[in-house]
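Tertiary structure, described
As a plain string of letters, each chain reads:
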Amino acid sequence: MSAGNSRPSKDQFLCSICLDVFTDPVTTSCGHNFCKNCINEHWDVNPRRCPMCKKGFKTKPQLQVNTLLSEMVAQFRHGAQQKASGSSSEHQAAKPGEVPCDICTGTKLKALKSCLVCVTSYCETHLEPHLTALSLKRHQLMEPVENLEELLCKKHDKPLELFCRTDQTCVCSICSILGHKSHELVPLMEEYEGKKAELGKTEAGIQQMIQKRRLKVQELKESVKMSKDAADTEKEDGIQVFTALMESIQRGLGELMEEIEAKQRTTAKQAEDFISDLEEEISELMKRSSEMKQLLSSAPHLHLLQRFLSLKAAPPTKDWTEVRIHPPSYEGMVAKAVAQLEKEMKTLFESNRRWKYAVDVTLDPDTANPHLVLSDDGKQVKHQDGKKKLPDNPERFSQCPSVLGKQSFSSGRFYFEVQVQGKTDWTLGVARESVNRKGMITLSPQFGFWTLCLTEENLYKVNAGPSVRLHLQSHPKKVGVFVDYERGLVSFYNAETLIYSFTGCCFTDKLRPYFSPHPNYFGINSAPLIICPVHFCLMNSPEPVKENCIKPPTL
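Residues numbered from 1 in each chain as written. Predicted model: local features only at pLDDT ≥ 70, side-chain atom pairs only at ≥ 80, totals over all residues. Heavy atoms only, no water.

Quick word on the nonpolar core
By size, the foremost hydrophobic cluster in this structure holds 36 residues, and its most contacted members are W426 and F515. In contact with W426, other than residues within four places in its own chain, are V420, L452, C453, L454, Y460, V479, S516, P517, H518 and L529. Counting 16 residues, the second largest nonpolar core, distinct from the first, contains C35, W43, L63 and F76. (Core = buried A, V, L, I, M, F, W, Y, C linked by side-chain atoms within 4.5 Å. Buried < 20%, exposed > 50% of the residue type's maximum accessible area, 1.4 Å probe, protein only. Contact = heavy atoms within 4.5 Å.)

What follows is the structure in structure tokens.
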């Protein structure tokens, strides 16, 4: 090493892989230096490529320790050790679990290397001769280990320098001549590096197995969580349904008891009236009988003759011969009540099925015709005569007074409700996201629309292409729209009553809610269409059992 004015810095002796001072430094053909173990471990993962310049090698280089650089590193370490102040033997003493120096007397310092030839471990100070003396440089140094004698051949007291692949055992140089002459022998470090690389691959495989199993554990935990969430939701729904069902049963039982008791009261009142009339007649007849008995027993003959005509005539009475109390028939009342309960149960479960898939729908202003006015919350739409100045983007309905919902659905089920009260003309339903929105449009499944409408002639129709006229018992105040994407089903409801269903639909595109309030006709049809929160309620129940909190659809 040339003597210069400046001493080498620590950075010059740092391995670019482990970022520590070189240990057994080697030099690649491209001129870069690394710790021997670091570059070998690197090549186990990225074979035949320099970590610094990325130069590739056709075969894996067989590298030898750079003795010159190794000496420079040793001198650097020695100089750094001497330069360090306050580094007393007390601070460098070997700690429990560390290999102590075999040469130190008194306080044993931490060993830096172990020599297989000397079978001795050395601290940094006592290791210096092995780094500077030419005769000792040939000794085989290794990381400090305890019980160095275990690294010696028990027969020949020589270092175990070779590995016999035939017998899979470590041998010394004498063993290789005497007992393993024809066997496959390799240097111990070579076998160590190979086995180390093999174990490294095995350990990497084990790490992959661990990672896969951790992912599987996470997957199973997530499945359990999803199952619990689904169970909690179903239990909540079950509580709501059965609570409503019990209320319906109690109400039905009360109505049945009231009806039976009303009939009984009517019968009892009729009988009481008859009995009252009869008792009045009996009282009158008893009075007449008493008068007759008195006249017969004690009246003078003249008096009897004078009263005879008035007493002989029977007092006015009713002919009770055909009077009967006909008990009312209670037969069939329980069966009728049960039938009504079954109807309510069916309605309840159907309502709950739709309620579970209620979605929060809002109107998309980018699709609204310029004659439409949308509320700030995107829940109401109505028609106005004046036309707003809006960009004619591809999404906007240019001529028909229509607007789509922002939300789109490509699987699962969804349900929403719209208030139509006060309107004389409207259209509701769903449409394919890709429908034509320019010029006049045809509302039919063929063109991507599944809709129900009320016409200005006060007729309800479904636009099925051709349209189908419907005869509804009552005008709906709210209309519910239910879609089952996989089943190809679009259904319209008036409260709990099914109005109409499109069945066998083939959906291949995203679906979006469709709304048209129709022209206002000079204020006659000015009421807005209003997207309402969905309420879960029982038929004939005075109040909703539960207001829906807008759950997302199952997609």
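After that view, the rundown keeps rolling.
As for the packing of aromatic side chains
Per the counting criterion, the structure on display carries 12 aromatic pairs. On the numbers, 6.1 Å between centres and 70° between planes, the contact of F397 with Y514 is edge-to-face. Taken together, the residues span a long stretch of sequence, with F397 in the loop between β10 (380-383) and β11 (403-404) and Y514 in strand β20 (residues 511-516) at a distance of 117 residues. Across this residue pair, the class does not change: F397 and Y514 are buried. Chaining the aromatic ring pairs together yields one cluster made of F397, F449 and Y514. In this arrangement the basic side chain of K318 is found over the ring face of W320, its NZ or CZ atom lying 4.7 Å from the centre. (Phe/Tyr/Trp six-rings, centres within 6.5 Å; stacked < 30°, edge-to-face > 60°. Helix = DSSP H or I, 4+ residues; strand = E, 2+ residues; numbered from the N terminus. Lys NZ or Arg CZ within 6 Å of the ring centre and 35° of its normal.)

Quick notes on the pattern of salt bridges
Here the structure, examined in full by the defined rule, presents 19 salt bridges. Its salt-bridge partner being R165, residue E184 comes within 3.2 Å of it at the nearest N-O pair. Pair noted here: E184 is in the loop between α6 (173-178) and β8 (185-187) and R165 is in the loop between β6 (162-164) and β7 (169-171), with a separation of 19 residues, a long-range link. With a relative accessible area of 32%, R165 lands in the partly exposed category. R265 is the salt-bridge partner of E258, the closest N and O atoms lying 2.9 Å from each other. Among the residues examined, E258 registers a relative accessible area of 43% and is labelled partly exposed. Linked through salt bridges whose partners overlap, the residues forming this network are R165, E184, E191 and K195. (Salt bridge = Lys/Arg side-chain N within 4 Å of Asp/Glu carboxyl O.)

Some words on the side chain of D509
Looking at the secondary structure, you find D509 in the loop between β19 (497-502) and β20. Buried charge D509 goes without a salt bridge, the closest partner of opposite sign being R432 at 4.8 Å. Here S434 takes part through its side chain, which lies 2.6 Å from a polar atom of the side chain of D509. Not counting residues within four places of it along the chain, the set of residues in contact with D509 comprises F409, R432, E433, S434 and Y485. (Lys, Arg positive; Asp, Glu negative; His and termini not counted. Polar contact = N/O pair within 3.5 Å; in protein donor to acceptor, adjacent residues only side chain to side chain.)

Quick look at the sheet that holds β6
Sheet architecture is open: three strands sit in the order β7-β6-β8, paired in antiparallel fashion. Among the strands making up the open sheet, the edge pair consists of β7 and β8. Neighbour to neighbour, the strand axes of the sheet diverge by 35° on average, direction disregarded. By the bridge criterion, three bridges tie β6 to β8 in an arrangement that is antiparallel. Paired with C164 across the two strands is L185, which belongs to β8. Seen against the sheet, helix α7 (residues 188-298) touches β6, β7 and β8 and runs at an angle of roughly 85° to β8. (Pairing = 2+ DSSP bridges. Axes fitted to C-alpha atoms, helices over the stretch in contact; angles between N-to-C directions.)

Observations concerning the confidence of the model for the chain
For the chain, per-residue confidence averages 83 on the pLDDT scale, and residues scoring 70 or more make up 90% of the total. A low-confidence stretch, residues 1-5 (pLDDT under 50), is modelled with three contacts involving residues beyond four sequence positions or located in other chains. Predicted confidence is poor over residues 84-91, with pLDDT under 50, and the contacts of this stretch with residues over four places away or in other chains come to five contacts. (pLDDT = per-residue confidence, 0-100.)

Topic: a nonpolar patch on the surface
Together, L278, I282 and M286 make up an exposed nonpolar region whose accessible area comes to about 280 Å². Counting through the fold element by element, M286 comes out in helix α7. (Patch = residues over 30% accessible without salt bridge, like charges linked within 9 Å, V, L, I, M, F, W, Y side chains within 5 Å. Areas by Shrake-Rupley, 256 points an atom, 1.4 Å probe, with all protein chains shown as cover.)

Describing the packing of helix α1 (residues 36-45) against α7
It is at 10 Å that the axes of α1 and α7 come closest, and there the two elements cross at 45°. With respect to α7, the axis of α1 lies oblique. Between α1 and α7 lies a crossing of right-handed hand. Residues N37, N40, E41 and D44 of α1 form the contact with α7, whose participating residues are E193, K196 and A197. (Parallel < 35°, antiparallel > 145°, perpendicular 65-115°, else oblique. Left-handed = near helix turned anticlockwise from the far one by under 90°.)

Some details on the sheet that holds strand β3 (residues 113-115)
Sheet strands pair by backbone hydrogen bonding; their relative direction is either parallel or antiparallel. As summarised here, the arrangement of the three strands in space is β4-β3-β5, forming an open sheet in which the pairing is antiparallel. Bordering the open sheet on either side are β4 (120-122) and β5 (141-142), each of which pairs with just one other strand.

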